[in-house]
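# Notes for the structure review
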Amino acid sequence: MNSEATRQVAPDFASQIAPAGCIDIRRFFGGSALVRNGAQFGFVMKGTLYLRVDAAMGAEFEADGCEPFSYRAAGRTVTVRRYYAVPAHVIDDPALLHSYAERALHATATPGHRLADTLQAATTSG
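So, here is what we can say about the structure in this document. (Residues numbered from 1 in each chain as written. Predicted model: local features only at pLDDT ≥ 70, side-chain atom pairs only at ≥ 80, totals over all residues. Heavy atoms only, no water.)

## Concerning the environment of T108
Applicable threshold: Numbering goes from the N terminus for both helices and strands, where a helix is a DSSP run of H or I of at least four residues and a strand is a run of E of at least two. Relative accessibility under 20% of the residue-type maximum defines a buried residue, over 50% an exposed one, and the middle range a partly exposed one, all with a 1.4 Å probe and only protein chains included. Distance and chemistry together define a polar contact, namely a pair of N or O atoms within 3.5 Å, with one atom able to donate a hydrogen and the other to accept it when in protein, and with adjacent residues in sequence counting only for side-chain atoms on both sides.
Relative to the helices and strands, T108 is located in helix α4 (residues 94-108). For T108, a relative accessible area of 7% gives the class buried. Placed 55 residues apart in sequence, T108 and V53 show a C-alpha to C-alpha distance of 7.9 Å. Among the polar contacts made by the side chain of T108, one reaches the main-chain carbonyl oxygen of A104 at a distance of 2.7 Å.

Okay, structure coming up:
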């Protein structure tokens, strides 16, 4: 899937996570970042939704057979274990997807970032 097709899929994932208005979708290399209150909690790359994980979520995704995000650079594969592909059964269940997205948002929280307790909506920017 090319970059433009991926960018067209990102709003669909965002709207599955939350009603329109609170998730910003920004350009992110060849895909789209999902951002809430300035914190990137996920992204869509080549049609695949990746969410930020903590140790527990990463273990759950691995148990479901999902892989961390990886890409090729300078002749080697770089693996980014902070983001995992979301299992198909999670994408197919809106309540479960919303729950995982909230967990990803909380896994993204850093000191100084004030994050909302819930995801409410989706918007496109950038």
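From this point, things continue past the structure.
## What about the pairing of strand β3 (residues 39-45)?
As a reminder of what qualifies: Strand pairing requires that DSSP identify at least two bridges connecting the strands.
Counting buried residues along β3, six of its seven residues qualify, which places the element largely inside the surrounding structure. For strand β2 (residues 31-36) and β3, the ladder comprises five bridges, and the chain directions are antiparallel. Note on β3: the bridge partner recorded for V35 is Q40. Where β2 folds back onto β3 in an antiparallel hairpin, the turn is made up of two residues, including N37, whose phi is positive at roughly 50 degrees. For β3 and strand β4 (residues 48-52), the ladder comprises four bridges, and the chain directions are antiparallel. Bridged to G42 within β4 is L51. The antiparallel pairing of β3 with β4 creates a hairpin that spans two residues between the two strands, and K46 there sits at a positive phi of about 50 degrees.

By themselves, these figures tell us nothing about what the structure is for.
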